[in-house]
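Observations on the three-dimensional arrangement
Here is how the chains run, residue by residue.
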Amino acid sequence: MPKAMMYKKGAVIYFEGDKDERIFILQKGLLVATSTDLESDAKNSESIHPGQFFGSKSALGRFPREETVSAVADCVCIVMSVAEFEQNFSSNKQVIMKMMRVFSSQLRYIHYKTESILKRGPSVSQHTGMLSVAQAFYQDEKWRSCSDVCDKFLHWYPNAPTRAAVEKINAVARPRALRDDAKNAALAAAEAGTAANPALKAFSLPAFERFSKKYIPGQVIISEFEPGNSFYFIQSGDVQLVKCINGANKNLDILKPGEFFGEMAILDNSPRSATCLAKTNVSCLEFNKENFEVLIMGNPQLALILLKLFCKRIYDQHRRFKILCIKDVQARICDVFLMFDELNPMTNPQDHARRFNLSVQDLAHWSGLPQEVTQEEVTKLTKQHKIEVFDNVIIVPDIIDMRRLVDTRTAVRR
């Protein structure tokens, strides 16, 4: 049962970095949440007022606290476990939707900060932005992706002044896409990702079959800048998230079975913030904007799953943003290995060697660095025996030593 707890003025409810699975509601008094800005190391403070939840994001996502919460005045808080939160609030539409919108705003803010670090440039109109996405795929000779974005552009913006430029690109990309489709689908058939996830079971019921969609490698499911009128749940395969930065598509994330994408546009009526394309053969469930609230409110367990996925996505993007904030180039690249190690921890903690399915190009994407700079640092790390590089595989002989290297170099540069 949730219980009321009293905290005296000056008391700390929890510290940044704590692993704590409690969720709180401030009933009386005033609290302040203090966090560290990753870019400047400055302290940011935000007041928490009666009636507000706090601690829910890290508790639901099962990751360390991102802030320190302390009492500005004597306080009374309702404290509950994740299980108690689920039992008491899973059917409360107002609470669930409010949390989703708060988490959506936080995720969009992290995307904005990521764009800022990657120097996206001035804002552009939606149709101009979609043209730049198509051009970036064209330059990379990603013909299927390029043609799909062009088709979406022509659907949404048939009278745009840049229509002729899009049609010209598509005239080249479409026949090449058709030529490559069969080959890419065959190559990816054996590579499609699978994952154990409780959401997969929840969405495997026959009632969901009418929402099923299939995609082949390179096919664009949603394009950055287009209006958002649906969201997706991955049943099988891998979905790649990319963002067009300064005329080039940069990798943001790889989503696995059991994860959602596209839900931000549903919640805040904004254009798509990233392009999502099939990396392998992909099977998705597509839900539209009209049945979104009906779907999750009629299925409280699905609403909780979606909340937890939001929390995980925020943490993952926050972790990626942390890498981009590191000024030391070598430490930034090394922190990519640490991030993947944290996402996929070894069952035997005594084994310090790690094997990562990463290429130099992948390291460049995740670190936000040019490929030539990344290659130069990879060569240095190889000569120092910090890593061993093979085709699309990089081995770190000692992940503890890698963490020590990152901590040392980032501390020196502060």
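Heads up: the structure comes first, above all this text.
**Notes on the overall build of the chain**
Scanning the chain from N- to C-terminus turns up 14 helices and 19 strands. Taking 2.2 N^0.38 as the reference for a compact globule, 414 residues should give roughly 22 Å; the C-alpha atoms of the chain span a radius of gyration of 23 Å, in line with that estimate. Each of the three principal axes of the chain carries a C-alpha extent, and together these read 70 × 55 × 40 Å. Working note: accessible area of the chain is about 20,100 Å², and carbon and sulfur atoms make up 52% of it. Charged side chains of the chain number 54 positive and 48 negative; the gap between the two group centres comes to 2 Å.

**Focus: the pattern of salt bridges**
Scanning all chains against the criterion turns up 27 salt bridges. Between Asp335 and Arg319 there is a salt bridge whose closest N-O contact spans 2.9 Å. Here Asp335 is found in helix H11 (residues 329-343), whereas its partner Arg319 is found in helix H10 (residues 300-324), with 16 residues between them in sequence. As far as burial versus exposure is concerned, Asp335 and Arg319 are alike and both buried. Residues Asp401 and Arg404 are paired through a salt bridge, measuring 3.1 Å at the closest nitrogen-oxygen approach. Residue Asp401 and its partner Arg404 are located together in helix H14 (residues 399-413), separated by three residues, close to a single helical turn.

**What to know about the environment of Val149**
Tracing the backbone through its elements, the reader meets Val149 in helix H5 (residues 143-156). When the C-alpha atoms of Val149 and Arg65 are compared, they prove to be 39 Å apart, with 84 residues separating the residues in sequence. The contact partners of Val149, leaving out residues within four places of it in the chain, are Met130, Val133, Ala134, Phe137, Val220 and Ser223.

**Topic: the packing of aromatic side chains**
Within the structure shown, the criterion is met by 16 aromatic pairs. On the numbers, 4.8 Å between centres and 10° between planes, the contact of Phe24 with Phe54 is stacked. Here the residue Phe24 occupies a position in strand E3 (residues 22-28), and Phe54 occupies one in strand E6 (residues 53-54), the gap between them amounting to 30 residues. The two residues Phe24 and Phe54 agree in class, both being buried. Residues Phe153 and Tyr157 carry aromatic rings whose centres are separated by 5.9 Å and whose planes lie at 65° to one another, so their mutual orientation is edge-to-face. Judged on exposure class, the residue Phe153 and its partner Tyr157 are both buried. It is Arg65 that lies over the ring of Tyr14; its NZ or CZ is 4.0 Å from the centre. Arg176 extends its terminal NZ or CZ atom over the ring of Trp143, reaching a point 4.7 Å from the ring centre.

**Digging into helix H3 (residues 93-117)**
Spanning 25 residues, H3 covers 36 Å between terminal C-alpha atoms, matching the ideal 36 Å at 1.5 Å per step. Capping of H3 at its N-terminal end is provided by Asn92; its side-chain oxygen lies 3.2 Å from the backbone amide nitrogen of Gln94.

**Examining the sheet that holds strand E12 (residues 239-245)**
Ordered in space as E10-E15-E12-E13, the four strands form an open sheet in which the pairing is antiparallel. Looking at strand neighbours, the two that pair on one side only are strand E10 (220-222) and strand E13 (248-255), the edges of this open sheet. Recorded for the sheet is a direction-independent mean angle of 35° between the axes of neighbouring strands. Pairing of E10 with strand E15 (residues 275-278) involves two bridges; the strand directions are antiparallel. Residue pairing across strands places Val220 opposite Leu277, the latter belonging to E15.

Cut-offs applied
Residues numbered from 1 in each chain as written. Predicted model: local features only at pLDDT ≥ 70, side-chain atom pairs only at ≥ 80, totals over all residues. Heavy atoms only, no water. Helix = DSSP H or I, 4+ residues; strand = E, 2+ residues; numbered from the N terminus. Rg over C-alpha atoms; globule rule 2.2 N^0.38 Å. Areas by Shrake-Rupley, 256 points an atom, 1.4 Å probe, with all protein chains shown as cover. Lys, Arg positive; Asp, Glu negative; His and termini not counted. Charge placed at Lys NZ, Arg CZ, Asp CG, Glu CD. Salt bridge = Lys/Arg side-chain N within 4 Å of Asp/Glu carboxyl O. Buried < 20%, exposed > 50% of the residue type's maximum accessible area, 1.4 Å probe, protein only. Contact = heavy atoms within 4.5 Å. Phe/Tyr/Trp six-rings, centres within 6.5 Å; stacked < 30°, edge-to-face > 60°. Lys NZ or Arg CZ within 6 Å of the ring centre and 35° of its normal. Expected span 1.5 Å × (residues − 1). Polar contact = N/O pair within 3.5 Å; in protein donor to acceptor, adjacent residues only side chain to side chain. Pairing = 2+ DSSP bridges. Axes fitted to C-alpha atoms, helices over the stretch in contact; angles between N-to-C directions.

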